[in-house]
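# Examining the three-dimensional arrangement
Spelled out from the first residue to the last, the chains are:
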Amino acid sequence: MADYDEREEELKTLSSIFPELSPDSEDFYCATLEIPVSPAKPLLVRFLPVQGLANLSLDLNGTPTVNAAAYIERDVELAHLPPLTLHMNLPEKYPEEAPPDVRLEAEEDWLPKEKLSELEQQVRSLWDDYGRCQILFSYIDYLRQGAEQGFDLDQSADGCLVLPMSAEQSLLAYDSETKQAVFNETTQDCGICLEPKKGVACYQLPKCGHVFCKSCLQDFYNNAISEGDVANIRCLSPDCGKSGPAVNGKIKRRKANSLHPRDLLAMGVDDQKVRRYVDMKRKKKLEANKNTVYCPRTWCVGPAKSPKYPPIPVDLGTYAMHTSSDDESDEESTAKHNKNPQSPKAAESEAALDSADRLAVCEKCSFAFCRVCFRGWHGQYARCFPRNPNELSAEEKASYDYILANTSPCPTCNSPTQKAMGCNHMKCFNCNAHFCYLCGAWLDGDNPYQHYNKSGTDCYQRLWELEEGDDGQAPEDGRGFAGNRRWEVMAIEAAREAEAQEAAAAAQAEEDARTDGALQAQEREQAQAVQAHVFARMARIELGGNAMAEAPQARQAGNARQRNPFPAQPRAAGAAMAVRNHERQQGGQHLPARPALNNDERRQAELQRFLDMAERDEEEGWDSDEFPDDEDDFRIR
């Protein structure tokens, strides 16, 4: 019995109870043990910057107080904190004459030194209370019970544990890693496939705590992101986001918890898919914000930089998504919108931006422009006027026309919807309203298909028309769309027909103008050719002396008619002259009488006849005796 040592016996007993007990290799009576700290109720921890901690002071009663200087604080509930390290040393006179020597250490120094000192002094109290015997197991059990209660840190004057802001990141990381390690060791039932699986193959959503297996989540979210269904990137539990208890007579309705990019990455979704989701989510938020302005460059049209919606970083886990509207009730949103109503003039004056706030910078091409006049930045002292919102650019008009022609608006929120395939029962992604794709009518969500079973309506038995989308097969009955969509299509078709008719009429008028111009040019060429031919023929005629030159003098002298000095045929005489005279006198008996012509008309007719004969190269057959006998009726002028 002389070799019996109570210290050795106690250490062996502790090793069997706590396998994680680590004895010292140099001193057999020294050992180390880690005490896990996982409070049953998550411990509230308040992180303050250094200046915030400097403002803490003690009053006369020893109660911590905060000075008047302002600072920013952050409160977080932690379920797991770094463990306490217990260093034990059993002296030679232990346990009869001396208590064990203990020393406590806390990783990251999260436990105040005052609390550590208080816990270390408790070992002597226990040694005295238990009659100075072996008390290491009792002391370890005391520490474990205190860790489960959070060492009563929530009972302090602040009601929480106050730590510097520098310790926040490490403590949050430890809490997350410990939670995941504990979760991986459990067995969970997937909320989609309903199969029991190990926790390492499942994922628990941090906001609501619902659990699904990673394979089901990856299949659903990959498909939703590929189709652009951003609204369904949320918790898949049907109970998530249901109406909560009534507060002040109002039922608070919450949307299902949306997912952060780091949640998608943690469940195994590809980084490219997650980046596409973040880009679509951000674009939707920008389009819904009325204060968003876009670059005036037609080849860019990117949104301006906004502190509310920062650019997407390389590390998606650090992206700060704007999700405040997800947990906002309808009543609260309406109250915010109707709060402090203003008149149109007041709203217009409030909308007038300060000169320093007019500067906008495109996040794509870095073009600096004015958000009022949409021109290049002209400085804050230049006066400018807003662009007329009714004026649409060519790109905006083309986009507007395409939306009218190829989408059906939601009857509740008027969001344009285009069907790629499937039946004509549609559900709006924006407001979850049910409506008909053909006529745009609102449908009852409990029984939407009764709309297609009512005889006499436009959509009777037309549930599966246009099954392959707008570009698929045409409706069998040829009726096409109904309601507003039909009128839009008819208006667009009528406008296109009118434009086609106007284009055809303009083309025909242009063709006619070209044809008329060609005919007129041809007629002018023919007239010039005839005139040149006549002049050429007349130039070859020998006038015999200066007859042509003397004609004007003779006309001035006696106004006597000059006979043609170069007749083509000799003057008729004898029997021929008698026949001609007879035909002239008796012609009325055989031919219809021609109306009498005055001198000018008769001269013009004879001259036209001569020109026609000259054109046919038959002027040799022209007889000058066919002119009237009265010499005063025809003169060469």
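Just above sits the structure.
The shown structure was predicted, so the numbers you read here are calculated from the model rather than taken from an experiment.

### As for the pattern of salt bridges
Here the structure, examined in full by the defined rule, presents 12 salt bridges. In this structure, the salt-bridge partner of Glu 168 is Arg 74, at a minimum N-O distance of 2.3 Å. Of this pair, Glu 168 sits in helix 5 (residues 168–184) while Arg 74 sits in strand 6 (residues 74–78), and the two are 94 residues apart along the sequence. A relative accessible area of 12% places Glu 168 in the buried class. You can call Arg 74 partly exposed: its relative accessible area is 42%. The partner of Asp 271 in a salt bridge is Arg 275, with the nearest N and O atoms 4.0 Å apart.

### Remarks on the nonpolar core
For soluble globular proteins, nonpolar side chains are generally found buried alongside one another. In this structure, Leu 84, Met 88, Trp 110, Leu 111 and Phe 151 are the most contacted members of the largest nonpolar core, which totals 42 residues. With near-sequence residues (within four places) excluded, Leu 111 lies in contact with Leu 84, Ala 106, Leu 116, Leu 119, Phe 151 and Leu 153. Core analysis: the next-biggest nonpolar cluster, separate from the first, contains 27 residues, Val 211, Tyr 221, Ile 233 and Tyr 319 among them.

### Focus: the packing of helix 6 (residues 214–226) against helix 8 (residues 271–288)
Where helix 6 meets helix 8, the axes come as close as 10 Å, and the angle between the chain directions of the two elements is 50°. One way to sum up the angle between helix 6 and helix 8 is to call them oblique. As helix 6 packs across helix 8, the resulting crossing turns out to be left-handed. For the pair helix 6 and helix 8, contact is made by Asn 222, Ile 225 and Ser 226 and by Lys 273, Arg 276, Tyr 277 and Met 280, respectively. Tallied by class, the residues present in the contact of helix 6 with helix 8 amount to 3 nonpolar, 2 polar and 2 charged.

### Focus: the sheet that holds strand 1 (residues 22–23)
Strand order in this open sheet of 4 strands is 1-2-7-8, and the pairing throughout is antiparallel. Edge positions in the sheet fall to strand 1 and strand 8 (101–106), since each of these pairs with one other strand and no more. Of the strand pairs in this sheet, strand 1 and strand 2 (residues 30–37) are connected by 2 bridges, and their pairing is antiparallel. Along strand 2, the bridge assignment pairs Ser 22 with Thr 32. Sitting on the sheet, helix 3 (residues 113–129) is in contact with strand 7 (81–89) and strand 8, with an inclination near 155° to strand 8.

### Brief notes about the sheet that holds strand 6
The pairing of strands in a sheet comes from backbone hydrogen bonds and takes either a parallel or an antiparallel form. The strand order across the open sheet formed by 3 strands is 6-3-9, and the pairing between neighbours is mixed. One side of each edge strand has no neighbouring strand; the edge strands of this open sheet are strand 6 and strand 9 (161–164). Averaged over all pairs of adjacent strands, the angle between strand axes in this sheet comes to 35°, irrespective of strand direction. With respect to the sheet, helix 5 is in contact with strand 3 (43–48), strand 6 and strand 9, its orientation differing from that of strand 6 by roughly 25°.

### A few points about the packing of aromatic side chains
Per the stated rule, a full pass over the model turns up 6 aromatic pairs. Between Phe 220 and Tyr 221, the ring centres sit 5.5 Å apart and the planes meet at 75°, which makes this aromatic pair edge-to-face. Relative accessible area serves as the criterion here: at 34%, Phe 220 is assigned to the partly exposed category. Note on Tyr 221: relative accessible area 0%, which makes it buried.

### Details of the side chain of Asp 175
Its location among the elements puts Asp 175 in helix 5. Among the polar contacts listed, one links the side chain of Asp 175 to the backbone nitrogen of His 80, at a separation of 2.8 Å. Not counting residues up to four positions away in its chain, the partners in contact with Asp 175 are Leu 78, Ala 79 and His 80.

### Points about helix 4 (residues 136–148)
Look at helix 4: 19 Å from first C-alpha to last across 13 residues, which is about the 18 Å you get at 1.5 Å a residue. Of all the positions in helix 4, only Leu 136, Ser 138, Tyr 139, Ile 140, Leu 143, Gly 146 and Ala 147 are classed as buried. Looking at the buried side of helix 4, the elements it contacts are helix 1 (6–17), strand 2, strand 7, strand 8 and helix 3. In the stretch just after helix 4, Gly 150 is the one whose phi turns positive, near 70°.

### Quick word on the side chain of His 80
Inspection of the secondary structure assignment puts His 80 in the loop between strand 6 and strand 7. Classification of His 80 by relative accessible area gives buried; the value is 13%. In terms of polar contacts, His 80 uses its side chain to reach the side chain of Ser 38, at 2.9 Å. Excluding anything up to four places from it in sequence, His 80 contacts Val 37, Ser 38, Tyr 174, Asp 175, Thr 178 and Lys 179.

### Section: the packing of helix 1 against helix 4
At a minimum axis separation of 10 Å, helix 1 and helix 4 run at an interaxial angle of 35°. Contacts between helix 1 and helix 4 involve Glu 10, Leu 14 and Ile 17 on the former and, on the latter, Leu 136, Phe 137 and Ile 140. Here the residues of the contact of helix 1 with helix 4 are counted per class, giving 5 nonpolar, no polar and 1 charged.

### Side note on the state of the cysteines
By definition, a disulfide links two cysteine residues through a covalent bond between their sulfur atoms. Counting across every chain of the model gives 0 disulfides. Not part of a disulfide, Cys 208 finds its nearest cysteine sulfur in Cys 235, a span of 3.6 Å. Cys 431 carries a free sulfur, and the closest cysteine sulfur to it, the one in Cys 413, is 3.6 Å from it. Of the residues examined, Cys 431 reaches a relative accessible area of 30% and is grouped as partly exposed.

So, how was this worked out
- Residues numbered from 1 in each chain as written.
- Predicted model: local features only at pLDDT ≥ 70, side-chain atom pairs only at ≥ 80, totals over all residues.
- Heavy atoms only, no water.
- Salt bridge = Lys/Arg side-chain N within 4 Å of Asp/Glu carboxyl O.
- Helix = DSSP H or I, 4+ residues; strand = E, 2+ residues; numbered from the N terminus.
- Buried < 20%, exposed > 50% of the residue type's maximum accessible area, 1.4 Å probe, protein only.
- Core = buried A, V, L, I, M, F, W, Y, C linked by side-chain atoms within 4.5 Å.
- Contact = heavy atoms within 4.5 Å.
- Axes fitted to C-alpha atoms, helices over the stretch in contact; angles between N-to-C directions.
- Parallel < 35°, antiparallel > 145°, perpendicular 65-115°, else oblique.
- Left-handed = near helix turned anticlockwise from the far one by under 90°.
- Nonpolar A, V, L, I, M, F, W, Y, C, P; charged D, E, K, R; others polar.
- Pairing = 2+ DSSP bridges.
- Phe/Tyr/Trp six-rings, centres within 6.5 Å; stacked < 30°, edge-to-face > 60°.
- Polar contact = N/O pair within 3.5 Å; in protein donor to acceptor, adjacent residues only side chain to side chain.
- Expected span 1.5 Å × (residues − 1).
- Disulfide = S-S within 2.5 Å.

Limitation: the analysis is restricted to geometry and does not speak to function.
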